[in-house]
Amino acid sequence: KRPVYSWTYSQSGNTLNLHVEQKQKHKIVNRGDKNDCYMMPIDITVYYDDGMEETVVINNDERSQDFAIPVSGTVSNVVFDKGHFILKEMKD
């Protein structure tokens, strides 16, 4: 068993709004409904239109979670777990 992620992002000024969902159908043993998820840090790599990039770490500990990440320019792309450190599935 592994986490199944779906995510989206948008930029509003100097903030990257990131929404992460875990969509796996199985329950996590010995966890209540609020924290029935895989809890772990996730690398989020942000690419800017000037060619720069940076990686920030979010701490995902809910099935559906929003993050407000400060950014220093216009975001051209975002990559979820660029190094493939998490054994996972991705869904749209």
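For the structure itself, look to the data block above.
Reference entry: report on the structure contained in this document. Remember, it's a predicted structure, so these values are computed and weren't measured experimentally. (Residues numbered from 1 in each chain as written. Predicted model: local features only at pLDDT ≥ 70, side-chain atom pairs only at ≥ 80, totals over all residues. Heavy atoms only, no water.)

Another point: the overall build of the protein. Across its full length, the protein carries zero helices and seven strands. By principal-axis analysis of the C-alpha atoms, the protein measures approximately 45 × 25 × 20 Å. Within the span of the protein, comprising 92 residues, buried residues form 36% of the whole. Carbon together with sulfur atoms contributes 49% to the accessible area of the protein, which is approximately 5700 Å² in total. Considering the protein, the positive charge centre built from 11 side chains and the negative charge centre built from 14 side chains are found 11 Å apart. (Helix = DSSP H or I, 4+ residues; strand = E, 2+ residues; numbered from the N terminus. Buried < 20%, exposed > 50% of the residue type's maximum accessible area, 1.4 Å probe, protein only. Areas by Shrake-Rupley, 256 points an atom, 1.4 Å probe, with all protein chains shown as cover. Lys, Arg positive; Asp, Glu negative; His and termini not counted. Charge placed at Lys NZ, Arg CZ, Asp CG, Glu CD.)

Okay, the pairing of strand β3 (residues 40-48) next. Where β3 meets strand β4 (residues 53-60), eight bridges bridge the pair, whose relative direction is antiparallel. Residue tyrosine 47 lies in a different strand from β4, and its bridge partner there is glutamate 53. Both β3 and strand β6 (residues 75-80) contribute to a ladder of five bridges, which runs antiparallel. Bridging from a neighbouring strand, tyrosine 47 pairs with asparagine 77 of β6. (Pairing = 2+ DSSP bridges.)

Let's shift gears to the environment of proline 3. By the element assignment, proline 3 lies in the segment before β1 (4-12). On the basis of relative accessible area, proline 3 is assigned to the buried category, the value being 4%. A sequence separation of 57 residues divides proline 3 from asparagine 60, and the C-alpha atoms of the two residues are 11 Å apart. Setting aside anything within four residues of it in sequence, one finds proline 3 in contact with Gln22, Gln24, Tyr38, Met40, Ile86, Leu87, Lys88 and Glu89. (Contact = heavy atoms within 4.5 Å.)

Right, let's talk about the packing of aromatic side chains for a bit. By the definition in use, this model includes three aromatic pairs. Here the aromatic rings of tryptophan 7 and tyrosine 9 are separated by 6.0 Å at their centres, their planes lie at 20 degrees, and the arrangement is stacked. Taking the relative accessible area as the measure of exposure, tryptophan 7 reaches 22% and is therefore partly exposed. Under the relative-accessibility criterion, tyrosine 9 is labelled partly exposed at 33%. One aromatic cluster is present, formed by Tyr5, Trp7, Tyr9 and Phe80 through successive ring pairs. (Phe/Tyr/Trp six-rings, centres within 6.5 Å; stacked < 30°, edge-to-face > 60°.)

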